[in-house]
Structure formats: C-alpha cells, structure tokens
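Structural overview for review
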Amino acid sequence: ERMALPQRIVFPPEKICMDWRQKRRPGAGLYNLGSTCYLNVILQCLTYTPPLANYLLSYEHSQSCQQQGFCMMCIMEAHVRKVLCSSAGAILPGAVLRDLKFIGEEFEYGRQENAYEFLRCTLNAMHRACLSGRCDLDVSSQETTIVHQIFGGLMKSRVTCLSCQAVVDSYKAFLDVSLDIRVRASSLITVLEDCVTPKQLDQKECFRCSKCKKKAAASKKVTVHRVPRVLTLCLERADQWTGTKISKFVEYPEYLNLRPYMSDTAGEPLLCSLYAIVVHSGDTCLEGHFLCYTKASNGLWYKMDDESVDNCDIGTVLGQQAYLLFYAR
C-alpha cells in the first residue's frame, strides 16, 4: 500500500543537542533483582544516549507534564538524573520495576525477558507520555515527539515491475532496525549491503502493476530514506525456525557511513559513531545474561554489568558478540 510521508509536527529540532552538555565520570551501576539484567542494559544504553540525556537532564518534560499516574518520561527523567548525579556505586531502578506492567503488559517481574523487546516498549511508552493531553497533535504523525526526533527514521521501499519498469514507492517509519544475520553475515557492512540489494518478489507476493495492468514479476529494493539521529540496530540472534541462538561473531565498526544504504547515495558521507552495545551471553535466547558497554560523557568506554561499572578500551567493545548496536549521528 502507499503511505504518504509522515507529517512533520515537530518537537523543535534545534533544541536537540547531540553532544553532551556536561562532561562527567560514568554514573552508578544498577542492582539486579533477579533476572532484571535485560532491563538494566536498556536503561544504561538510554542513559548514555547524549541527546536523550541532555533533554531529560533539562527538566523540560516534567515541568510541563500533565500526566496523572504512570509517565515513562518522568520516570526516565528521575532515573537518568539519579544514575548520572548519584555518588552511589549502584542504585535500584525501583520505579521502572514497579511500573513494569505499564511499560509492556507481557513483562513479568522475576522472569528473564528480551532486552530488545524491552527497548521497543520503553521507547513507545516514552512516546505515548509525550503525546498525552496534547490533542492538537496528529497521533499518526511520526515526528511529534522527542523520541521520534532522536530515534525515528524513514525506510523507502521501491517495487519495480519487471515487465514495464514502472515503479511504486512506499515509506515506513521506524525507531529501530532488525537485521537477519543468518546469511553471508561476517560483518555489519555485508548485512547492510544485502539489505539494500534489490530482491525479486516471490510468487506469493503477487504484484499487479498499476501501469501495465497485469500480474508481473517485480523486484523490491529497501533503502534508508531519512537517517535517525540515533540508529539502533538489532542483530537477530534467535533463529526464527528453531529458536536456537545464532552465536557467530559479526564484525561492526566504531564509525559507520550510512550513505551507501540511503535512497540518495550521492552526497556527503553520513557518519555515525558507536556509543553503546548490548551483549547476550548464554546458550539460548530465553536464558543467560545481558550486559552492555557504553561510552560515557567523558569519552571513555565502560563495561556495565548490573551493579559493576568498569572501564575498558574500544578494542574490547568491538570484539563482542553484539546483540544491539547504538550509533549516533
């Protein structure tokens, strides 16, 4: 189906600051209350996302928040402030644990959950919190909130009729990109190259061309139409058919040029730099342990494993079996 480009009713982009406003040592670790490592790693990665942390530390949301009861933005604001400004070695993310059911109804306290699902639910809860009580906003608009301003991008899908060469373009907004690493995937670059390579539609996706009016073979090419300020990539490590974990090492760079994967490949390089990764250790995707590596505002990397926060070097970071990768423009 064709989708119009999302309207741009926007949190003023000039207010978004991609560099840390304040340099400081890394903040506190997070206590694990039994199978809560999936939640800790996402909270840490979001805490060290510079444009989000700058916004949350400015109090801008809570000063105008009209929410009664649960508000994910207010919770994140208090959490980030507590982590970055506390002198404690570790803190308890109590408010997040208390309101787990509001963040995602599938989450159950005491059970190991998937970090990627928790990230998606947290971003959606923050987005909803920004929209509450603002009836002047078109909810279908994809750029209404600070969340979409930071994490939101646009994919373009171009279907070409192989009979008459007519093209149909459609667009889809995204907050993260999930990548299949089963095929030809020794590095992130080969995975991305594979993503933007045109693929012939199979017979089941029967395509009726609106120009030559017949069912024809067609090819589809997906490209990034608009790059988000923060690009979140998930390397799918659960095999869709067997559920077993794909444990191979996929190489990923510290600096990634997104230009070759754009709808418009001409122009300046579009560079993003890695600032956080999530790693899963364990034999299956349903158990095991999550930890993360993040770059603090002082420019140094730290391994964050629940309550422990230890400095490390970029070589260690790039040598992990990454599950989630966070890149900032």
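Residues numbered from 1 in each chain as written. Predicted model: local features only at pLDDT ≥ 70, side-chain atom pairs only at ≥ 80, totals over all residues. Heavy atoms only, no water.

**Here's the deal with the environment of Y38**
- Position of Y38 among the secondary structure elements: in helix α1 (residues 37-47).
- Each residue touching Y38, except ones within four places of it in the same chain, is listed here: L100, F107, R111, Q112, E113, N114, A115, F118 and F290. (Helix = DSSP H or I, 4+ residues; strand = E, 2+ residues; numbered from the N terminus. Contact = heavy atoms within 4.5 Å.)

**A closer look at the pattern of salt bridges**
- Applying the stated criterion to the full structure yields eight salt bridges.
- The residue D99 makes a salt bridge to R98 at a minimum N-O spacing of 3.2 Å.
- Through salt bridges with shared partners, a single ionic network connects E108, R111 and E113. (Salt bridge = Lys/Arg side-chain N within 4 Å of Asp/Glu carboxyl O.)

**A short note on the nonpolar core**
- In terms of nonpolar packing, the biggest core is built from 61 residues, with I42, M73, F118, F151 and V278 touching the most fellow members.
- With 10 residues, the top contributor of residues to this core is helix α7 (residues 115-131).
- Once you skip the residues sitting within four places of it in the chain, F151 turns out to touch L46, T49, L52, L123, F174, L175, P228, V230 and T232.
- V224, L256, Y261 and V279 belong to the second-largest nonpolar core, a separate cluster that totals 34 residues. (Core = buried A, V, L, I, M, F, W, Y, C linked by side-chain atoms within 4.5 Å. Buried < 20%, exposed > 50% of the residue type's maximum accessible area, 1.4 Å probe, protein only.)

**A few points about the side chain of S297**
- With respect to the secondary-structure elements, S297 resides in the loop between β13 (289-295) and β14 (301-305).
- Overall, the relative accessible area of 7% leaves S297 in the buried class.
- Apart from residues no more than four positions distant in its own chain, S297 is found in contact with W20, Q22, K23 and R24.

**Thoughts on the pairing of strand β4 (residues 167-174)**
- Bridge count between strand β3 (residues 153-161) and β4: eight bridges; the pairing is antiparallel. Among the inter-strand pairings, K156 is bridged to a residue of β4, identified as Y171.
- Hairpin geometry of β3 and β4 is characterised by an intervening segment of five residues between the two adjacent antiparallel strands and by a positive phi of about 70 degrees at Q165. (Pairing = 2+ DSSP bridges.)

**Observations regarding the environment of Y261**
- With respect to the element layout, Y261 can be found in the loop between β11 (255-257) and β12 (271-281).
- We classify Y261 as buried; its relative accessible area is 6%.
- Remark: the alpha-carbon pair of Y261 and R237, spanning 24 residues in sequence, is separated by 22 Å.
- In this structure, Y261 is in contact with I189, L192, E193, V196, T223 and V224, ignoring residues within four places of it in sequence.

**What about the state of the cysteines?**
- A complete count under the given rule lists zero disulfides for this structure.
- No disulfide involves C130; its sulfur sits 7.5 Å from that of C71, the nearest cysteine.
- For C130, a relative accessible area of 11% translates into the label buried.
- Looking at C209, it has no disulfide partner, and the nearest cysteine sulfur is the one in C164, 3.7 Å off.
- Under the relative-accessibility criterion, C209 is labelled buried at 3%. (Disulfide = S-S within 2.5 Å.)

**Notes on the packing of aromatic side chains**
- Applying the stated criterion to the full structure yields seven aromatic pairs.
- Seen in terms of ring centroids, Y275 and F326 are 6.0 Å apart; in terms of plane orientation they differ by 55 degrees. Their pairing is tilted. You can see Y275 sitting in strand β12 and its partner F326 sitting in strand β16 (residues 322-328), a full 51 residues away along the chain.
- Take Y275: its relative accessible area is 4%, and that puts it in the buried class.
- Since its relative accessible area comes to 0%, F326 is described here as buried.
- Through pairs of rings, three or more aromatic residues link up here, namely Y38, F107 and F118. (Phe/Tyr/Trp six-rings, centres within 6.5 Å; stacked < 30°, edge-to-face > 60°.)

So yeah, pure geometry; function would need other evidence.
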